[in-house]
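Take a look at the letters that make up each chain.
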Amino acid sequence: VVTFAGFFNSGYVNGSLTNARFSFIYGLAVDPAGNIFVADNGNNRIRKIDTNGSVSTFAGSGNVGRQNGIGVFTSFNYPTVMACDLVGNVFVADSGGTAIRRITPDSVVTTFVGRFESGPVSDGFGTNATFNGIRGMTIDALGNIYASDNGLIRKITPEGRVTTLAGRSSSFYAEGEGINARFSWPSGLSLDSGSNIYVADRFNNRIRRVAYG
């Protein structure tokens, strides 16, 4: 184990790996070219560590907000988990996991899905869908995003269509199909080469498998 980037003291500094400073790193994602993207939660920024070992600000002004736009002329509200697709788009859970922002390789930030409002969840398209606490995300080779969302496992297509694959918005434990299953604060997600989603079911102390497709 070695320190790759940053230092033990928090802060906000771009530059070389050893000179860079972060504040409350929450999520990481790696694009196909090997660039690392960091949800720098405490700084309300998305940072980039390129393959040459240089740390820069990819998006976010540092101000708390939900401003879309380009690069540092945008704002985030304590970004958390992240995922990258095969063409280099970065997806970031923002505002307490109530929305997912999309950042293109050219640093163009838009709101992909969600309304920035917590409360009852609903399926739908784009900003008509609602979320209530995304704590894990992963993405498949077709660009479909899978998100753990307050007791639910949700699917978001590349077009922004949100559906619920499993679970209900209640904390419990139950095996079963679709909404008959129950989770308790599901968090990290991972996909295998088939059609299985593996879920860290946090408060149930279990690894769950969702057979899908």
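This text follows the structure it describes.
Remember, predicted model here, so these are calculated numbers, not experimental data.

**Description of the side chain of Asn44**
Okay, so step 1: Structurally, the position occupied by Asn44 is in the loop between β3 (36-40) and β4 (45-49).
Okay, so step 2: Setting aside residues up to four positions removed in sequence, Asn44 forms contacts with Gly60, Gly62, Asn63, Val64, Phe76, Asn77, Tyr78 and Pro79.

**Points about the pattern of salt bridges**
Okay, so step 1: For the structure on display, the rule yields six salt bridges.
Okay, so step 2: Between Asp123 and Arg154 there is a salt bridge whose closest N-O contact spans 3.0 Å. Of this pair, Asp123 sits in the loop between β10 (108-114) and β11 (124-125) while Arg154 sits in strand β14 (residues 152-156), and the two are 31 residues apart along the sequence.
Okay, so step 3: For Asp123, a relative accessible area of 41% corresponds to the partly exposed category.
Okay, so step 4: With a closest N to O distance of 3.8 Å, Glu175 and Arg208 form a salt bridge. Of this pair, Glu175 sits in the loop between β15 (161-167) and β16 (186-191) while Arg208 sits in strand β18 (residues 206-211), placing them 33 residues apart in sequence.
Okay, so step 5: Under the relative-accessibility criterion, Glu175 is labelled exposed at 54%.
Okay, so step 6: Residue classification places Arg208 among the buried residues on the basis of a relative accessible area of 6%.
Okay, so step 7: Salt bridges sharing partners connect three or more residues here, namely Asp123, Asp149 and Arg154.

**As for the layout of surface pockets**
Okay, so step 1: Considering only enclosed or pocket space, the largest pocket measures out at about 220 Å³ in volume.
Okay, so step 2: Residue lining of the largest pocket: 14 residues in total, with Ala166, Gly176, Gly178, Arg209 and Val210 positioned closest to the centre.
Okay, so step 3: Elements represented by at least two residues in the lining of the largest pocket include exactly β15 and β18.
Okay, so step 4: Sort the elements by how many residues they give to the lining of the largest pocket and β18 lands first, with four residues.
Okay, so step 5: Of the residues that constitute the lining of the largest pocket, the class distribution is eight nonpolar, two polar and four charged.

**Observations concerning the packing of aromatic side chains**
Okay, so step 1: According to the stated counting rule, one finds five aromatic pairs in the structure shown.
Okay, so step 2: Above the plane of the ring of Phe183 lies Arg208, whose end atom (NZ or CZ) is 4.8 Å from the centre.

**Focus on the sheet that holds β18**
Hydrogen bonds between backbone atoms are what pair the strands of a sheet, whose relative direction is either parallel or antiparallel.
Okay, so step 1: One open sheet holds the three strands; their spatial order is β16-β17-β18, and the pairing between them is antiparallel. A single partner strand is all that each edge strand has here, and the edge strands are β16 and β18. Ignoring strand direction, the axes of neighbouring strands in this sheet form an average angle of 25°.
Okay, so step 2: Of the pairings in the sheet, the one linking strand β17 (residues 196-201) to β18 comprises six bridges and is antiparallel in character. Bridging from a neighbouring strand, Ile197 pairs with Val210 of β18.

Cut-offs applied
Residues numbered from 1 in each chain as written. Predicted model: local features only at pLDDT ≥ 70, side-chain atom pairs only at ≥ 80, totals over all residues. Heavy atoms only, no water. Helix = DSSP H or I, 4+ residues; strand = E, 2+ residues; numbered from the N terminus. Contact = heavy atoms within 4.5 Å. Salt bridge = Lys/Arg side-chain N within 4 Å of Asp/Glu carboxyl O. Buried < 20%, exposed > 50% of the residue type's maximum accessible area, 1.4 Å probe, protein only. 1 Å grid on protein atoms, 1.4 Å probe; cavity = no way out; pocket = protein on both sides within 12 Å on 5 of 7 lines; lining within 4 Å. Points joined across faces, edges and corners; volume = space filled by probe spheres on them. Nonpolar A, V, L, I, M, F, W, Y, C, P; charged D, E, K, R; others polar. Phe/Tyr/Trp six-rings, centres within 6.5 Å; stacked < 30°, edge-to-face > 60°. Lys NZ or Arg CZ within 6 Å of the ring centre and 35° of its normal. Pairing = 2+ DSSP bridges. Axes fitted to C-alpha atoms, helices over the stretch in contact; angles between N-to-C directions.

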